[in-house]
Amino acid sequence: MKRIILALVLITATTFGAFSTRADTATNLPAPTLDERVSSIEAYFQNGDPTAPFKGTNGNQAVQWGPIINTGLINSTGSVAAYPGAGHNGWLMTSTALVLFMTLPGLALFYGGLVRKKNVLSVLAQCFLITGLVTILYVICGYGMIFGGTGDAAKEDWIKGIVGNPFICWMMSNVTSAPNPNYSYWVSENVFAMFQMMFAIITPALIVGSIAERMKFSAIFVFMTLWMLIVYFTQGHMVWGVNGMMNGCWNPNAAIHGLDFAGGTVVHMSSGWSGLVLCIILGRRLGFGKENFTPHSIVLTYIGASMLWVGWYGFNAGSAVAADVISSNAFTTTTIATAVGSFVWPMWDWIVKGKPTVLGFCSGAVAGLVLITPACGYVLPSGALWIGIAAGTIPWFFCYKVKGWLGMDDALDAWSVHGIGGMCGALMTGMFARQAANPNLATNLKAYVTDRIFQPQLWEQVKTVIVSLVLFIIGTIVCAYITKALVGLRPTEEVEIAGLDINEHGEEGWNMT
């Protein structure tokens, strides 16, 4: 018993730190009772609001803040905050590194192996370019446009619930280690900001899969800048902003009660459908349909796909913004859907083509990850199983037949896997979301999530998909033609034939001499 008590004391001391440094300005209020102080500490383990025990029924402070609240720690909304919770903060920092690992080197290797060897470095360079470029845009205005403000959309947004204000949190001003309870009670806001920045980085990098081997480096620079400002930051605010018009889980006044736990619409639909539009505007690669476009290294693709799977645990389970029961469920459902997708896709290859391909295993795993992304924190393992089956079947069919029927040069199947997969995942979230998987579904969405396949939430997901598609298609067309007018889109035929590596970067990926 002594050891248990000592362990609890150490955990509490480590988690909540220097209690004695707190300065409480509400000295005219009564001191909190022991029960209230203990309730505040218990909120840590439940990922709850640590200030709730100190407030009255009207939501106002009723007693002096307990020792968990540090009145010297101010977040970007100007509010006092609790000390960051060590465990939750640590998990999100780990998740942030895992999501960056998905882009560098995971996605770079996955895509790099799928192109011809004369273009492998161009893909790696584009992924690195996007990482730095998006970081700059996100720090300057992106975080504020998506997540900034107190939640008063009418006063703060440029377009209520749709376009956030870029001047809120400009250059990430006032984004400190204090938690912002609009998004997490226990994770430092600067850690949350960095976590979300990794999503902003990988999304435009996914577009590269549609236009690989035929877009100028300078054009990618300009297009991605415009696309982030016009498309990504807008979609992110609508779906994930606390006052977003499609944030059904957290915004009780949302116009559309959409659900997107980790980026089915924000990341995968946006990149996949934007990639489709851009590849149509660009046109096909020279020699498409006549020359051999076989991937130059399935080994690199296999390594990249495996890295993506590992990193995706941060992507999905980290999106709970806590190490709690919802995060655990997201971890579980992600594993199931991915494994099932990686099994089903090559089985279709085996049935139809006569051989289970290694590329099929890789593609099925990525498709499983894509489809489960919007659903992972809302569905049960049984739902994840069905989502995995769909992941190995629907994107496979689009890669195998539909792309050919349409005659499109979606170079690395970004549209089939991410565009179609993200859309399927968003719709299946509406079918399989269950209150038992996530207690938050029993609040704002109680009337929509009724634990049936054809529940009202499905129609909300349909509306979310439609609105998202309009933004992606129109926004990408605008960005593409502005880019074309400024710098052009494609390299010369001589450059494209010789390869982008040597002509645009002065290097070769494989020096065989």
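In this report, the structure presented in the accompanying data block is examined. (Residues numbered from 1 in each chain as written. Predicted model: local features only at pLDDT ≥ 70, side-chain atom pairs only at ≥ 80, totals over all residues. Heavy atoms only, no water.)

### Brief notes about the overall build of the protein
Here is step 1: Along its length, the protein carries 16 helices and 2 strands.
Here is step 2: Against the globule reference of 24 Å for 513 residues, the protein gives a C-alpha radius of gyration of 24 Å, in line with a compact fold.
Here is step 3: Each principal axis of the C-alpha distribution contributes one length, and for the protein these read about 80 × 45 × 45 Å.
Here is step 4: Considering the protein as a whole, with its 513 residues, one finds that 58% of them fall into the buried category.
Here is step 5: Counting only contacts in the protein whose residues sit at least 6 apart along the sequence, the fraction spanning at least 24 positions is 74%.
Here is step 6: Looking at the protein as shown, the accessible area adds up to about 20,300 Å², and 66% of this sits on carbon and sulfur atoms. (Helix = DSSP H or I, 4+ residues; strand = E, 2+ residues; numbered from the N terminus. Rg over C-alpha atoms; globule rule 2.2 N^0.38 Å. Buried < 20%, exposed > 50% of the residue type's maximum accessible area, 1.4 Å probe, protein only. Contact = heavy atoms within 4.5 Å. Areas by Shrake-Rupley, 256 points an atom, 1.4 Å probe, with all protein chains shown as cover.)

### Quick word on the side chain of Thr234
Here is step 1: In this fold, Thr234 is placed in helix α7 (residues 217-240).
Here is step 2: The exposure class of Thr234 is buried, given its relative accessible area of 8%.
Here is step 3: The contact partners of Thr234, leaving out residues within four places of it in the chain, are Ile162, Val163, Leu229 and Leu471.

### Considerations on a nonpolar patch on the surface
Here is step 1: Residues Leu229, Ile230, Ile466, Val470, Ile473, Ile474, Ile477, Val478, Tyr481, Ile482 and Leu486 make up a contiguous nonpolar surface patch of roughly 890 Å² in combined accessible area.
Here is step 2: Sorting the residues of the nonpolar patch by element identifies α7 and α14 (456-487) as the ones contributing at least two each.
Here is step 3: Note on placement: Ile466 falls in helix α14.
Here is step 4: Here Ile466 falls in the partly exposed class, since its relative accessible area comes to 46%. (Patch = residues over 30% accessible without salt bridge, like charges linked within 9 Å, V, L, I, M, F, W, Y side chains within 5 Å. Salt bridge = Lys/Arg side-chain N within 4 Å of Asp/Glu carboxyl O.)

### Details of the packing of helix α4 (residues 120-147) against α7
Here is step 1: Packing of α4 against α7 leaves a shortest axis separation of 9 Å and a crossing angle of 35 degrees. Crossing handedness for the pair α4 and α7: right-handed.
Here is step 2: Residue composition of the contact of α4 with α7, by class: 20 nonpolar, 5 polar and no charged. (Axes fitted to C-alpha atoms, helices over the stretch in contact; angles between N-to-C directions. Left-handed = near helix turned anticlockwise from the far one by under 90°. Nonpolar A, V, L, I, M, F, W, Y, C, P; charged D, E, K, R; others polar.)

### Quick word on the pattern of salt bridges
Here is step 1: By the definition in use, this model includes 10 salt bridges.
Here is step 2: The salt bridge partner of Asp409 is Arg214, with a shortest N-O separation of 3.7 Å. A residue pair is termed long-range when its members are at least 10 positions apart, and Asp409 in the loop between α12 (381-406) and α13 (414-432) and Arg214 in the loop between α6 (189-211) and α7 qualify at 195 residues. Taken as a pair, Asp409 and Arg214 share a single burial class, namely buried.
Here is step 3: One salt bridge connects Arg490 with Glu496, and the closest N-O pair in it is separated by 2.8 Å.
Here is step 4: A relative accessible area of 24% means that Arg490 is categorised as partly exposed.

### Observations regarding the nonpolar core
Soluble, globular proteins show a tendency: their nonpolar side chains are buried together.
Here is step 1: Membership of the largest hydrophobic core comes to 130 residues, with the highest contact counts inside it found for Tyr111 and Tyr232.
Here is step 2: Leaving out residues up to four positions away in the same chain, Tyr232 has contacts with Ile146, Phe199, Ala200, Thr203, Trp227, Trp240 and Val266.
Here is step 3: Within the second largest apolar cluster, 8 residues are counted, among which are Ala43, Tyr44, Phe54 and Trp65. (Core = buried A, V, L, I, M, F, W, Y, C linked by side-chain atoms within 4.5 Å.)

### Quick look at the side chain of Asn316
Here is step 1: Its location among the elements puts Asn316 in helix α9 (residues 298-317).
Here is step 2: Exposure remark for Asn316: the relative accessible area of 0% places this residue in the buried category.
Here is step 3: Beyond its immediate sequence surroundings of up to four residues, Asn316 is in contact with Phe261, Ala262, Ala330, Thr334, Leu369, Ile372, Thr373 and Cys376.

### Remarks on helix α11 (residues 358-372)
Here is step 1: For α11, which comprises 15 residues, the first-to-last C-alpha distance of 22 Å matches the rise-based estimate of 21 Å (1.5 Å per residue) to within 8%.
Here is step 2: Along α11, the positions that sit buried rather than exposed are Gly360, Cys362, Ser363, Gly364, Ala365, Val366, Ala367, Gly368, Leu369, Val370, Leu371 and Ile372.
Here is step 3: Its buried side turned inward, α11 meets α3 (86-114), α8 (264-282), α9, α10 (325-353), α12 and α13. (Expected span 1.5 Å × (residues − 1).)

### A short note on unusual backbone geometry
Here is step 1: Omega for the peptide link from Leu104 to Pro105 comes to 10 degrees, which places this bond in the cis form.
Here is step 2: For Pro105, the position within the fold is in helix α3.
Here is step 3: The phi dihedral of Met171 falls on the positive side, at around 55 degrees, and the residue is not glycine.
Here is step 4: Inspection of the secondary structure puts Met171 in the loop between α5 (153-156) and α6.

### Quick look at the packing of α6 against α13
Here is step 1: The geometry of α6 relative to α13 is characterised by a closest axis approach of 8 Å and an angle of 135 degrees between their N-to-C directions. With respect to each other, α6 and α13 are oriented oblique. Every residue of α13 that contacts α6 at Leu206, Gly209 and Ser210 is listed here: Ala414, Trp415 and His418.
Here is step 2: Looking at the contact of α6 with α13, its residues break down into 3 nonpolar, 3 polar and no charged. (Parallel < 35°, antiparallel > 145°, perpendicular 65-115°, else oblique.)

### Points about the packing of aromatic side chains
Here is step 1: Scanning the model with the defined rule gives 24 aromatic pairs in all.
Here is step 2: Note on Tyr183 and Phe192: the rings are 5.1 Å apart at their centroids and 15 degrees apart in plane angle, and the pair reads as stacked.
Here is step 3: Relative accessible area serves as the criterion here: at 16%, Tyr183 is assigned to the buried category.
Here is step 4: Seen in terms of ring centroids, Phe199 and Trp240 are 5.8 Å apart; in terms of plane orientation they differ by 90 degrees. Their pairing is edge-to-face. Residue Phe199 is found in helix α6, and its partner Trp240 is found in helix α7; the two are separated by 41 residues along the sequence.
Here is step 5: Look at Phe199 and you get buried, because its relative accessible area is 0%.
Here is step 6: Taken together, the ring pairs in this structure connect Tyr138, Tyr143, Phe147, Tyr183 and Phe192 into an aromatic cluster. (Phe/Tyr/Trp six-rings, centres within 6.5 Å; stacked < 30°, edge-to-face > 60°.)

### Things to note about α10
Residues lying three or four places apart along an α-helix face the same way, a consequence of the helix completing one turn every 3.6 residues.
Here is step 1: Over its 29 residues, α10 extends 42 Å from the first C-alpha to the last, a length consistent with the 42 Å expected when each residue adds 1.5 Å.
Here is step 2: Directly beyond the C-terminal end of α10, a positive phi value near 95 degrees is found at Gly354.

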